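This is what each chain is made of:
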Amino acid sequence: MSNILIINAHHHYSFAEGRLNQTLTQIADEALTAKGHQTRTVIIGEGWEVESELENHQWADVVLLQSPVYWMGVPWTFKKYIDEVYTAGAQGQLCNSDGRHSDAPKQNYGTGGTLTDKKYMFSLTFNAPEEAFNNTSEYLLQGKSVDDLWFPMHMNYRFFGMKSLPTFVCYDVMKNPQIETDINRFKAHLDQHF
């Protein structure tokens, strides 16, 4: 069985208390431990210690990021986590520099990852409806997918040499929530990929 690090990246706002992200975090923990996996959960809103988080990433076979999508990206507190933890890990725990060498300084940028035997998965909650994605007639996203929108986050984990598992998404969670359906889909997603 695998070691799975679950990160709940939610940041509390008056309009978004984080109940769905907390519920999905708890479901992931329960479902994965029931299948025999070992889990560790980090709740960004409760703070973190850089060295412990580097150890968590080295321990984990899979990092499951549970996050709301704020302004097309992660909450600012998780960006701070990235800046602190992932920058500290650039000295060998997560990557050895950026992968380039002095004999070819313009090639192989982003190939210095040391977590090449590990995977990651995004589980995201959006206010946007599903129909906003993969639809060229939609103004904002112009036919782009969720993974297109989250390309920079994919690159963060690819920088460490990790490979992605399929992204899970709960859509339209504020204006048209389908919580029971989303929970059932999430359980099926976890069952299929773990």
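Before reading further, recall that the structure is shown in the block above.
Residues numbered from 1 in each chain as written. Predicted model: local features only at pLDDT ≥ 70, side-chain atom pairs only at ≥ 80, totals over all residues. Heavy atoms only, no water.

Chemist: What should I look at first to understand unusual backbone geometry in this one?
Modeler: The general pattern is negative phi for most residues beyond glycine and trans for most peptide bonds. Although it is not a glycine, Trp71 sits at a positive phi angle of roughly 50°. Its location among the elements puts Trp71 in the loop between strand 3 (62-68) and helix 3 (76-88). We classify Trp71 as exposed; its relative accessible area is 85%. One non-glycine residue, Ser97, lies in the positive phi region at around 60°. Along the polypeptide, Ser97 turns up in the loop between helix 3 and strand 4 (119-125). Judged by relative accessible area, Ser97 falls into the partly exposed class, the value being 46%. (Helix = DSSP H or I, 4+ residues; strand = E, 2+ residues; numbered from the N terminus. Buried < 20%, exposed > 50% of the residue type's maximum accessible area, 1.4 Å probe, protein only.)

Chemist: So what exactly am I meant to see when it comes to the pattern of salt bridges here?
Modeler: If charged atoms from side chains of opposite charge come close, those side chains can pair. Tallied over the entire structure, the rule returns 7 salt bridges. Among the ionic pairs, Glu55 bridges to Arg40, the shortest N-O distance being 2.6 Å. One end of the pair, Glu55, is in helix 2 (residues 50-59); the other, Arg40, is in strand 2 (residues 38-43), and 15 residues separate them in sequence. Residue classification places Glu55 among the partly exposed positions, given a relative accessible area of 37%. Here Asp182 and Arg185 are joined by a salt bridge, their closest N and O atoms 3.0 Å apart. Of the two residues, Asp182 and Arg185 both sit in helix 6 (residues 179-193), 3 residues apart, roughly one turn of that helix. According to the relative accessible area criterion, Asp182 is buried, its value standing at 5%. Using a relative accessible area of 35% as the deciding quantity, one classes Arg185 as partly exposed. (Salt bridge = Lys/Arg side-chain N within 4 Å of Asp/Glu carboxyl O.)

The quantities given are spatial measurements derived from coordinates; they are silent on function.
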